[in-house]
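What the coordinates show
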Amino acid sequence: PIPESRKAEFLPLGYFSIDPDYHVLAALKPATEQTKVMMPTSTGQMREMRWVGMLEFTLKGEPMSLRAITESDMNRLTVMFSDMTSGTETYPAGRYIDLERTATDIYELDFNNAYNPYCYYNLAYECPYPPPENRLKVPIRAGERMKTSESASAR
């Protein structure tokens, strides 16, 4: 998604060092009904998505939860989140983690796989913003980060 004219600005992509502490098991507490919601996006438009449920997990000894969302494919979940690194070390609007649905509702939630949505690189893309309840009050120093001369490293 990176336009040719912006490749020097963004490449190589920057990542935090892989940290196994950010790879946790999460249990999906399914929503009682498939609630459709209109989510604001990077273009100012609203996009219809569905709440699937809450992923509940423990990260570094702290219980946390994130709302899982799907757009149309009920076999794939998206976890959109922001954290205390958003706007300083990571994309201000937040990052995403994609998950394949499981029959057990137990998921490997690996923040080392968190990535910037395409709208970070190219304004032609429309990206939904994380819902308010997915704003973590801790820093998540895992996954993709904004490129800086000190942080750019190959994974």
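No experiment lies behind these values; they were computed from the predicted model shown. (Residues numbered from 1 in each chain as written. Predicted model: local features only at pLDDT ≥ 70, side-chain atom pairs only at ≥ 80, totals over all residues. Heavy atoms only, no water.)

1. What about the nonpolar core?
One finds F57, L109 and F111 to be the most contacted residues of the largest nonpolar core, which totals 23 residues. Mapped by element, the contributors of at least two residues to this core are β2 (23–40), β3 (46–59), β4 (62–70), β5 (76–81), β6 (95–100) and β7 (106–110). By residue number, the principal contributor to this core is β3, which donates 4 residues. Setting aside residues no more than four positions away along its own chain, F57 makes contact with V24, L25, A26, E62, P63, M64, S65, L66, L109 and F111. Of all hydrophobic cores here, the second largest spans 15 residues; its members include V37, I69, C119 and M146. (Core = buried A, V, L, I, M, F, W, Y, C linked by side-chain atoms within 4.5 Å. Buried < 20%, exposed > 50% of the residue type's maximum accessible area, 1.4 Å probe, protein only. Helix = DSSP H or I, 4+ residues; strand = E, 2+ residues; numbered from the N terminus. Contact = heavy atoms within 4.5 Å.)

2. Considering the pattern of salt bridges
In this structure the tally under the stated criterion is 12 salt bridges. Where E71 meets R47, a salt bridge forms, and the shortest distance between an N and an O atom there is 3.3 Å. Pair noted here: E71 is in the loop between β4 and β5 and R47 is in strand β3, with a separation of 24 residues, a long-range link. Residue classification places E71 among the partly exposed positions, given a relative accessible area of 38%. Exposure remark for R47: the relative accessible area of 17% places this residue in the buried category. A salt bridge links D98 to R76; the shortest N-O distance between them is 3.8 Å. Taken together, the residues D98 in strand β6 and R76 in strand β5 connect sequence positions 22 residues apart. We classify D98 as partly exposed; its relative accessible area is 32%. (Salt bridge = Lys/Arg side-chain N within 4 Å of Asp/Glu carboxyl O.)

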